[in-house]
Amino acid sequence: MKYELSERKNKAGLYRIRALRDIPWRGIKAGDLGGFVESEYNLSQEGDAWIGENAWVRGNAEVYGDAEIFGKARVYDNAKVGDGAHVYGNAEVHGNASVYGNARVGGNARVYDNARVFGYALVFGDT
């Protein structure tokens, strides 16, 4: 197991995650707190995917592989973020959108509906 859900929910009803093992290349040590999820479905126990302390993932959204969600980023609905993708800043990924590979979505960008962002694509700013 990579993480566990804390007992306390935030005011949106989401659980904060707590690392159960080190993820050295992310600078995460066992016991460190991460971001928020609605359920264990939202963050895979496999790989080194992580959700940073102010970010959240809910609904049927899933973060997997070595993906990272951080800043105040939001991933929800049926969205998928995987492999080595990063979603950060105030970015949102939702609907049936997918971000994967080494793609980056940041700033105030929104990726939604059935959009696919992958490879080394960059989506940032107010796009």
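Since the structure is predicted, the reported quantities are computational estimates derived from the model, not experimental observations.

Definitions and cut-offs
- Residues numbered from 1 in each chain as written.
- Predicted model: local features only at pLDDT ≥ 70, side-chain atom pairs only at ≥ 80, totals over all residues.
- Heavy atoms only, no water.
- Pairing = 2+ DSSP bridges.
- Helix = DSSP H or I, 4+ residues; strand = E, 2+ residues; numbered from the N terminus.
- Phe/Tyr/Trp six-rings, centres within 6.5 Å; stacked < 30°, edge-to-face > 60°.
- Buried < 20%, exposed > 50% of the residue type's maximum accessible area, 1.4 Å probe, protein only.
- Lys NZ or Arg CZ within 6 Å of the ring centre and 35° of its normal.
- Contact = heavy atoms within 4.5 Å.
- Salt bridge = Lys/Arg side-chain N within 4 Å of Asp/Glu carboxyl O.

Chemist: Account for the sheet that holds strand S6 (residues 62-63), with residues named and values stated.
Modeler: Read across the open sheet, the 4 strands follow the order S6-S9-S12-S15; overall the sheet is parallel. With partners counted over all chains shown, the strands left at the sheet margins are S6 and strand S15 (116-117), one partner each.

Chemist: Please give an account of the packing of aromatic side chains that cites residues and values.
Modeler: Summed over all chains, the structure comprises 3 aromatic pairs. Ring geometry for Trp 56 against Tyr 76: centres 5.8 Å apart, planes inclined by 40 degrees, an arrangement best described as tilted. With Trp 56 in strand S5 (residues 56-57) and Tyr 76 in the loop between strand S8 (74-75) and strand S9 (80-81), this pair connects stretches of sequence that are 20 residues apart. The exposure classification of Trp 56 matches that of Tyr 76, with both residues buried. Arranged with centres 5.3 Å apart and planes meeting at 10 degrees, the rings of Tyr 100 and Phe 118 form a pair that is stacked. Here the residue Tyr 100 occupies a position in the loop between strand S12 (98-99) and strand S13 (104-105), and Phe 118 occupies one in the loop between S15 and strand S16 (122-123), the gap between them amounting to 18 residues. Taking relative accessible area as the criterion, Tyr 100 reaches 27% and is therefore assigned partly exposed. For Phe 118, a relative accessible area of 47% gives the class partly exposed. Cation over ring: Arg 110 sits above Tyr 112, and NZ or CZ is 4.8 Å from the ring centre.

Chemist: Would you mind going over the environment of Arg 8 in detail, with residue names and values included?
Modeler: Looking at the secondary structure, you find Arg 8 in strand S1 (residues 3-9). Arg 8 sits in the exposed class, given a relative accessible area of 70%. Discounting chain neighbours no more than four positions away, the residues touching Arg 8 are Leu 14, Tyr 15 and Arg 16.

Chemist: Kindly report on the sheet that holds strand S11 (residues 92-93), identifying the contributing residues and their values.
Modeler: Ordered in space as S1-S2-S3-S5-S8-S11-S14, the 7 strands form an open sheet in which the pairing is mixed. In this open sheet, the two strands that pair with only one neighbour each are S1 and strand S14 (110-111).

Chemist: Hey, could you go over the environment of Lys 80 for me, with residue numbers and the actual values?
Modeler: In this fold, Lys 80 is placed in strand S9. Setting aside residues up to four positions removed in sequence, Lys 80 forms contacts with Tyr 41, Asn 60, Glu 62, Tyr 64, Ala 97, Ser 98 and Val 99.

Chemist: Could you give an account of the pattern of salt bridges, naming the residues involved and the relevant values?
Modeler: Evaluated as defined, the whole model comprises 4 salt bridges. One salt bridge in this structure joins Arg 18 and Glu 4, with 2.7 Å as the shortest N-O distance. Remark: Glu 4 occurs in strand S1 and Arg 18 occurs in strand S2 (residues 15-19); sequence separation between them is 14 residues. Between Lys 80 and Glu 62 there is a salt bridge, with its nearest N and O atoms 3.9 Å apart. Placement of Lys 80 in strand S9 and of Glu 62 in strand S6 is noted, with a sequence separation of 18 residues between them. Since its relative accessible area comes to 22%, Glu 62 is described here as partly exposed.

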